[in-house]
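Chains, contacts and geometry: an overview
Given next are the chains, with one letter for each unit.
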Amino acid sequence: MKTHTLGFPRIGAQRELKFALERHWRGESLPDVLPQVAQDLRARHWLAQRHAGLDVVATGDFALYDTMLDHALMFGAVPARFGFGTGPLDLDQQFALARGNAAHPAMEMTKWFDTNYHYLVPELSEDQAFTLHADAWLDAVREAEHRGLAPKPVLIGPLTFLWLAKVPGLATGADEAAAKLALLPRLLPCYAELLRRLEARAVPWVQIDEPVLALDLPAEWLDALGTAYAAIARPHLKVLLATYFESVASTLPRLAALPVHGLHLDLVRAPAQAQDALRLWPRDRVLSAGIVDGRNVWRTDLRDALDCLAPLREHWGDRLWIAPSCSLLHCPVDLAQEQRIDPQVRSWLAFAVQKLDELGVLKRALLDGPAAEARALADSDAAVAARRAHPVVHQAATRARVASLTLEDASRGTPYAGRRVVQRARLALPAFPTTTIGSFPQTSEIRVARARHRRGELQQDQYETLMRAAIAEAVQEQEALGLDVLVHGEAERNDMVEYFGEQLSGYAFTEHGWVQSYGSRCVKPPIIFGDITRPAPMTVAWTRYAQGLTPRWMKGMLTGPVTMLQWSFVRDDLSREAVALQLALALRDEVVDLEAAGIAVIQIDEPAFREGLPLRRADWPAYLDWAARAFRVCASGVRDDTQVHTHMCYSEFNDILPAIAAMDADVITIETSRSRMELLNGFGDFAYPNEIGPGVYDIHSPRVPRAEEMLALLRKAREVIPDDRLWVNPDCGLKTRGWDETRAALQQMVAAAQTLRQEVSAAA
Ligand code: GLN
Ligand code: ZN
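Residues numbered from 1 in each chain as written. Chains lettered and ligands numbered in written order. Predicted model: local features only at pLDDT ≥ 70, side-chain atom pairs only at ≥ 80, totals over all residues. Heavy atoms only, no water.

1. Looking at the coordination of the zinc ion (ligand 2)
Tetrahedral coordination by four donors puts the ideal angle at the metal at 109.5 degrees, and octahedral coordination by six puts it at 90 or 180 degrees. Around the zinc ion (ligand 2), the protein supplies H647 (NE2), C649 (SG) and C732 (SG) as donor atoms, at distances of 2.1 to 2.3 Å. The exposure class assigned to C649 is buried, which follows from its relative accessible area of 6%. (Donors = N, O, S within 2.8 Å, 3.2 Å for Na, K, Ca; no water. Buried < 20%, exposed > 50% of the residue type's maximum accessible area, 1.4 Å probe, protein only.)

Put into C-alpha cells, the structure is as follows:
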C-alpha cells in the first residue's frame, strides 16, 4: 500500500518563490539565484513528503511560473508570434511568454477548472508541430533520485493538454475542438518518448493527470483515450491515471479498458464513485483513493476516512493507495506558522504539510489496525466533536432565519417595470446616466495609512480621518467630472471579501495561508468556519458620510453572497447553498440599514457569480437557481424606490443570461469592453429585461480611451438596449489605476455620454 500526493504547493511556506521571482524580474538578483531557490524549494517539499512517510515523492509538479506553460515548452509549442523558435528557451524568454514583453502581449491565462489557480493557455496552430525538450522535466526526476528518494513523475495528460489549449483564429467551439483533437497524433510521439526515457531510467510509476475527465467531454475525445494511451504505453513503466474535481463514474468502463495500471479518484468531491469503482475498476490494478481534501483547509475526519477506505482495502489489498483528492497546490503550505488564529479554530485545520501527515496515519491505521494510531484518531475525534459543539459553528438564530426564508423574502415583490417608475421619479437622473464601479485609485497614501493602522502605528481616529479625506477627495473629483451617480471610492477597503469577512462573525483569517493564483501572485482566502452573523452595520457610517458631502446620489457598495462564498475557504459541514443564504441574510440587513440611512442606490457586486458554476452542465441549473436566489434574498429587503445594482466582470456570460436576469437587479454593470461588446449580442438575443451599463472602457489598461471610441461602443449598445435602460460606466473598479489617467478617462466618458444625449434629443 502506497501513500503519495498528486502534487505539492510550490510557492513555499514563506512565499520564497514569489519573492525570488519578483527580485529576478526586477533585475535585483544574479541569474543563478532563482534556479537555486527553486531547487531548494523542490528539495524541501520532497523532504516534507518523506518525513510524512510517503512512499514516493511527486516530481514535475514544480514550475517557476506554471506547469501548463512548462508542458507547452516541453513539447516545443512556443507561440510563433514571439519569434523564439521552438526552444529550448532561456528563462527570460519563458517569462516573456508568461508576462508579455514590449512587443508581444502575454499568453492568455485562465482558471484551472473550478479552482482559483490560473494556467497559461497553450497557443497551438492548426498545423502545430511538436518537438520534445524534456531536460528540465527529467532533471527533477534525477534530482529526487540523487537525494535518495523514489520519484513519481507527474505529467499533464495529452487530452487535457490539448483540450485546455487554444487555436488562435478559431473561435472556441466545435471547430476548435476538432482542430485540437486532430493534433493528438502529432503530440503522442512526445509523450511516448518521455515515457520511454522514464522506463530506461527504471522509474516504476508515472502519474498522468487527465482532469478533463471531470468535464462533459464530446464523444470523439473520449474515443481518443484508447488510442492515446495505447500509443504511449511501455511494457516496464506503470501509469497511474489521475482524475479529480468531479466523479468519473460514467467513464469508468472506458478507463478500465485502457492500458494503465492505476486510477486515482477524487473521493472528497465525489465520494459515491468509490462504490462504482468497486464494481468497475479491476481488482488487479491500483486504486488511488483521494481521501484527504486537497481543495480545502479542514483537517480530515480520520474515523470517517477509515470507514470509507476499509472496504476498498478489503477489495484491492496492497493495491489500494492513499492520497489527497487532488494536488495540494490549492492549499496553504504549513499550519505550523499560524500563531495568531484562534487556537480552537486552528485545531480544526490542516494545510499541505499536515495533510501529508494524515496520509501516513491513515495508512498505518489500515495496515496495523486503528489501535496503532489511537492517539491520532482520538485527536481527530476530539477536533470533530469540538467543531460540532462550538457556539459560533451553530448559531440557532441564523439557522432559524435560513430555515424560515419564504418566497417573498427572495423577491422584490413589485416587478422591475413597477419599481422603475418610482425609481425614476425619485432619482431624476439624465438619460444615459454615468457612474463608476466602486473603487477609486488606492494611492500610496491610502495604502501606507492602512499598513500603519494594521501595525498599530496609527490610532483608529487618525486612520479614519485620513480615509474620510480620501473619500472627500474622490467625491470632489466626481462632482467636477460631472458624474451622475457617485461612489465613495472604497479607500477604507483592503480587499472586497476580507473587508466584509472581518466584520462578520463566522469568519477566520490566517497570517500565512497563501495560495498561488498565478505566477508570483498569491491570494489568502479567509476561512468560513461558523454560522454567519453581522454583529453591527459594516458600511453605513462611511456611506452616510460620503452621501453627506454631495447633493448627488451616493451608491452604497457591498460584496454579494456568492462572491463572498467563492473567494473564501468554505466550511465542509454545511452545503454551499446554506452558507450562501447565511451570507445573503447578513448582507440583506446591511442593505436595509443603508436604505434607512437615506442611500437610494445600492450596488451588490457579484464578480464571482459565473466562476461558481459546477464543472458538469447537469449541475448548472441547481447552482444557478440557489446563487440567484441568494442574491435576491440579499437585495429584496428594500422599498421599490431603492435602486439595486450589481456588477460582474470577466466575459462569457451569454450562457447564463437567464440566471443573471433572475437575480432581478435593477441595473447590472458588466465588463464588455475587451470583447468589443460581443456580450451585448447575447443581451440583445435574450432581451435582458432590466437596465444595463456595459463597460465602455477597459480599466485593466493604463491607456486613456477617447470619447469617440466610447461613443462608438455606446451607439452599438443602443442597437440592443433601449435608450431608457442604458447606463454609461467603465468596465470595473479603478483601484489599480492612478488618478491622472482615471480623471482623463472619465472626462472622456462623461463627454461621450453628453454627446450621446445631444444626438438622441436632436433626433427626437
Ligand atoms: N466594487 C468593486 C471595485 O470597484 C468591484 C471589484 C470587482 O469587480 N472585482 O473595486
Ligand atoms: Zn469588476
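2. A closer look at the environment of Q207
When you line up the elements, Q207 lands in strand β5 (residues 205-209). The exposure class assigned to Q207 is buried, which follows from its relative accessible area of 0%. As for Q207 and A98, which are separated by 109 residues in sequence, their C-alpha atoms are 26 Å apart. Residues contacting Q207, with those up to four places away along its chain left out, are H4, T5, L6, K152, P153, V154, L155, L240 and A242. (Helix = DSSP H or I, 4+ residues; strand = E, 2+ residues; numbered from the N terminus. Contact = heavy atoms within 4.5 Å.)

3. Things to note about the pattern of salt bridges
Between side chains of opposite charge, a pair can form as their charged atoms come close. By the definition in use, this model includes 54 salt bridges. For E611, the salt bridge goes to K111, with nearest N and O atoms at 3.4 Å. Here the residue E611 occupies a position in the loop between β17 (601-605) and α24 (620-635), and K111 occupies one in strand β2 (residues 109-111), the gap between them amounting to 500 residues. Under the relative-accessibility criterion, E611 is labelled buried at 18%. Classification of K111 by relative accessible area gives partly exposed; the value is 23%. The partner of D531 in a salt bridge is R399, and the shortest N-O contact between them spans 2.8 Å. Taken together, the residues D531 in strand β14 (residues 527-533) and R399 in helix α16 (residues 396-403) connect sequence positions 132 residues apart. Judged by its relative accessible area of 29%, R399 falls in the partly exposed class. (Salt bridge = Lys/Arg side-chain N within 4 Å of Asp/Glu carboxyl O.)

4. Examining the sheet that holds β5
The 7 strands are arranged β1-β4-β5-β6-β7-β8-β9 in an open sheet whose pairing can be described as parallel. Strand pairing shows two members of the sheet lacking a second neighbour, β1 (57-59) and β9 (320-324), which therefore form its edges. For this sheet, the mean inter-axis angle between neighbouring strands, taken without regard to orientation, is 30°. Direction of pairing for strand β4 (residues 151-156) relative to β5: parallel, over a ladder of 3 bridges. Bridging across to β5, L155 finds its partner in I208. Along the sheet, helix α12 (residues 302-316) contacts β8 (286-292) and β9; its crossing angle with β8, the most-contacted strand, is approximately 175°. (Pairing = 2+ DSSP bridges. Axes fitted to C-alpha atoms, helices over the stretch in contact; angles between N-to-C directions.)

5. Side note on helix α3 (residues 67-74)
Because each turn of an α-helix spans 3.6 residues, side chains separated by three or four positions end up pointing in the same direction. Counting buried residues in α3 gives 7 out of 8 residues, a clear majority hidden from the surface. Of the positions making up α3, those classed as buried are T67, M68, L69, H71, A72, L73 and M74. In this structure, the buried side of α3 is in contact with α4 (91-99), β3 (118-120), α5 (135-146), β4, α6 (158-164) and α8 (184-200). The backbone nitrogen of M68 has a side-chain oxygen 3.3 Å away, supplied by the residue at the start of α3, namely D66. At the C-terminal side of α3, G76 shows a positive phi close to 70°. (Polar contact = N/O pair within 3.5 Å; in protein donor to acceptor, adjacent residues only side chain to side chain.)

6. Things to note about the site of ligand 1
Neighbouring ligand 1 are 13 residues; S439, E490, D605, H647 and G733 lie closest to it. Take S439: an N or O atom from its side chain is 2.8 Å from an oxygen atom of ligand 1. A distance of 3.3 Å is found between an oxygen atom of ligand 1 and a side-chain nitrogen or oxygen belonging to K735. Here the residues of the shell around ligand 1 sort into 6 nonpolar, 4 polar and 3 charged. (Near = heavy atom within 4 Å. Nonpolar A, V, L, I, M, F, W, Y, C, P; charged D, E, K, R; others polar.)

7. A short note on the sheet that holds strand β10 (residues 485-486)
One open sheet accounts for 6 strands, arranged β10-β15-β17-β18-β19-β20; its pairing is parallel. Only two strands of the sheet have a single partner each, and these edge strands are β10 and β20 (691-694). Both β10 and strand β15 (residues 553-559) contribute to a ladder of 2 bridges, which runs parallel. Bridge pairing in β15 places L486 opposite M554. Where α24 meets the sheet, it contacts β17 and β18 (643-648), and its direction lies at approximately 145° from that of β18.

8. A look at the pairing of β9
In the case of a regular strand, side chains alternate between the two sheet surfaces. Taken across its 5 residues, β9 has 5 buried, putting it largely inside the fold. Inspection of the sheet shows β8 paired to β9 by 5 bridges, in the parallel sense. Across the sheet, V292 pairs through a bridge with P324, a residue of β9.

9. Some thoughts on the side chain of D484
Here D484 shows up in the loop between α19 (460-481) and β10. Only 2.8 Å separates the side chain of D484 from the backbone nitrogen of T434, close enough to count as a polar contact. There is a polar contact of 3.0 Å between the side chain of D484 and the side chain of R757. If we ignore the near neighbours within four places in the chain, the residues touching D484 are L429, P430, F432, P433, T434, R552, W553 and R757.

10. A look at the packing of α16 against helix α23 (residues 576-596)
α23 packs onto α16 with a crossing angle of 95° between their chain directions and a minimal axis gap of 10 Å. The angle between the axes of α16 and α23 places the two elements in the roughly perpendicular class. Here T398, R399, R401 and V402 of α16 lie close against α23, whose contacting residues are L581, Q582, L585, R588 and D589. Here the contact of α16 with α23 is built from residues that sort into 3 nonpolar, 2 polar and 4 charged. (Parallel < 35°, antiparallel > 145°, perpendicular 65-115°, else oblique.)

11. Brief notes about the packing of aromatic side chains
One pass over the structure, following the stated rule, counts 17 aromatic pairs. Consider the rings of W25 and Y65, whose centres lie 6.0 Å apart with planes at 45°: the pair is tilted. Remark: Y65 occurs in the loop between β1 and α3 and W25 occurs in helix α1 (residues 16-25); sequence separation between them is 40 residues. Ring centres 4.9 Å apart and planes at 90° place the aromatic pair W112 and F113 in the edge-to-face group. Both residues of the pair, W112 and F113, count as buried. An aromatic cluster of three or more residues is present, and its members are W112, F113, Y119, Y244 and F245. It is K180 that lies over the ring of W163; its NZ or CZ is 5.6 Å from the centre. (Phe/Tyr/Trp six-rings, centres within 6.5 Å; stacked < 30°, edge-to-face > 60°. Lys NZ or Arg CZ within 6 Å of the ring centre and 35° of its normal.)

12. Quick look at helix α21 (residues 540-548)
Residues V540, W542, T543, A546 and Q547 constitute the buried set of α21. End-on view of α21: buried residues confined to an arc of 165°, all on one side of the axis. Set apart from the buried face of α21 by more than 90 degrees, the exposed residues are A541 and G548. On its buried side, α21 packs onto α19, α20 (498-501), β15 and α23. (Arc of directions from axis to C-beta.)

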